[in-house]
Amino acid sequence: WYQRRVRVRVRKQWYQRRVRADSMTLLGAWHMELLELSWVQRNFISLFCTFPNCSYEQALELFLRAEQLAPAVSLSNSYLTGKACFRLGRKTEAKRFLEQALDCHAVTKEDQIVLEEAKRFYNSSF
C-alpha cells in the first residue's frame with residue numbers, strides 16, 4: 001500500500017515538473033516569436049495594444065529554467081535555447097545546445113519538424 005502511494009506521488013510530481021517545464025518553454029518561444037516579428041508587424045500590433053516587453057535574455061532564462069526542471073527532455077527546448085544563445089552572441093553555448101537537440105530522436109511529427117528546423121539553423125549558423 002505504502003509503495004503504491006509513493007509511486008503515485010513520484011509520478012504526479014514528475015508530471016507536474018514536466019508541465020511546468022513545458023510552460024516555461026512555451027513562454028520562452030512566445031518571446032522569441034515576438035522578437036522575430038518585422039518592424040511592420042510590430043507597428044501593426046502596437047495600433048491595437050501595447051507591444052509587450054521581451055528580450056532574448058528573458059527567453060533564454062525561461063528556457064534554462066525549463067531545462068533545470070526537466071533536463072534533456074524536450075527537443076524543442078534544446079533547440080530554442082541554442083537559438084537564443086546564438087542571438088545573444090554566445091556561440092559556443094549555442095552550438096552545445098543545438099548539438100544536444102540534434103542528438104535527440106524525433107518521437108512525434110512535431111519533434112520531426114523541430115529537428116529539421118534545428119538542422120537548418122545549425123547548418124546555416126556553424
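Anything mentioned here points back to the structure above.
Predicted model, so just to flag it, every value in this text is computed and none were measured. (Residues numbered from 1 in each chain as written. Predicted model: local features only at pLDDT ≥ 70, side-chain atom pairs only at ≥ 80, totals over all residues. Heavy atoms only, no water.)

Applying the stated criterion across every chain yields a total of four salt bridges. Where Glu36 meets Lys83, a salt bridge forms, and the shortest distance between an N and an O atom there is 3.5 Å. Residue Glu36 is located in the loop between α1 (2-35) and α2 (39-48), and its partner Lys83 is located in helix α4 (residues 75-87); the two are separated by 47 residues in the primary sequence. Measuring nitrogen to oxygen at the nearest pair gives 4.0 Å for the salt bridge that ties Arg90 to Glu93. Look at Arg90 and you get partly exposed, because its relative accessible area is 37%. Residue classification places Glu93 among the partly exposed positions, given a relative accessible area of 28%. Counted as one network, the salt bridges with shared partners bring together Glu36, Lys83 and Arg87. (Salt bridge = Lys/Arg side-chain N within 4 Å of Asp/Glu carboxyl O. Helix = DSSP H or I, 4+ residues; strand = E, 2+ residues; numbered from the N terminus. Buried < 20%, exposed > 50% of the residue type's maximum accessible area, 1.4 Å probe, protein only.)

If you roll a probe as big as a water molecule over the atoms, it shows you where there is empty space left. The tally for this structure, following the rule as stated, stands at one cavity of 30 Å³ or more. Of the pockets and cavities examined, the largest cavity occupies roughly 50 Å³. Ala21, Ala66, Ala70, Ser74 and Asn77 are the residues nearest the centre of the largest cavity, which is lined by 10 residues in total. Mapped onto the lining of the largest cavity, the elements with two or more residues apiece are α1 and α3 (56-69). (1 Å grid on protein atoms, 1.4 Å probe; cavity = no way out; pocket = protein on both sides within 12 Å on 5 of 7 lines; lining within 4 Å. Points joined across faces, edges and corners; volume = space filled by probe spheres on them.)

This part takes up a nonpolar patch on the surface. On the surface, a nonpolar cluster with roughly 410 Å² of combined accessible area is contributed by Phe44, Leu47 and Phe48. Along the polypeptide, Phe44 turns up in helix α2. (Patch = residues over 30% accessible without salt bridge, like charges linked within 9 Å, V, L, I, M, F, W, Y side chains within 5 Å. Areas by Shrake-Rupley, 256 points an atom, 1.4 Å probe, with all protein chains shown as cover.)

Another point: the nonpolar core. Core analysis: the biggest nonpolar cluster contains 23 residues, and Met32, Phe63 and Tyr79 have the highest contact counts within it. Broken down by secondary-structure element, the contributors of at least two residues to this core are α1, α3, α4, α5 (91-103) and α6 (109-125). Sorting elements by how many residues they give to this core places α4 first, with six residues. Residues in contact with Met32, not counting those within four places in the same chain, are Tyr56, Ala59, Phe63, Leu80, Lys83 and Ala84. The next biggest cluster of nonpolar side chains, apart from the first, holds five residues, and it includes Ala21, Met24, Leu62 and Ala70. (Core = buried A, V, L, I, M, F, W, Y, C linked by side-chain atoms within 4.5 Å. Contact = heavy atoms within 4.5 Å.)

Scanning the entire structure with this criterion turns up five aromatic pairs. On the numbers, 5.4 Å between centres and 85° between planes, the contact of Phe86 with Phe121 is edge-to-face. Highlighted residues: Phe86 in helix α4 and Phe121 in helix α6, separated in sequence by 35 residues. What makes Phe86 buried here is its relative accessible area of 18%. A relative accessible area of 10% means that Phe121 is categorised as buried. Ring geometry for Phe86 against Phe126: centres 5.8 Å apart, planes inclined by 75°, an arrangement best described as edge-to-face. Residue Phe86 is found in helix α4, and its partner Phe126 is found in the segment after α6; the two are separated by 40 residues along the sequence. These aromatic residues form a ring-pair network of at least three members: Tyr79, Phe86, Phe121, Tyr122 and Phe126. A cation over a ring is seen here: Arg96 above Phe97, with NZ or CZ 4.5 Å from the ring centre. (Phe/Tyr/Trp six-rings, centres within 6.5 Å; stacked < 30°, edge-to-face > 60°. Lys NZ or Arg CZ within 6 Å of the ring centre and 35° of its normal.)

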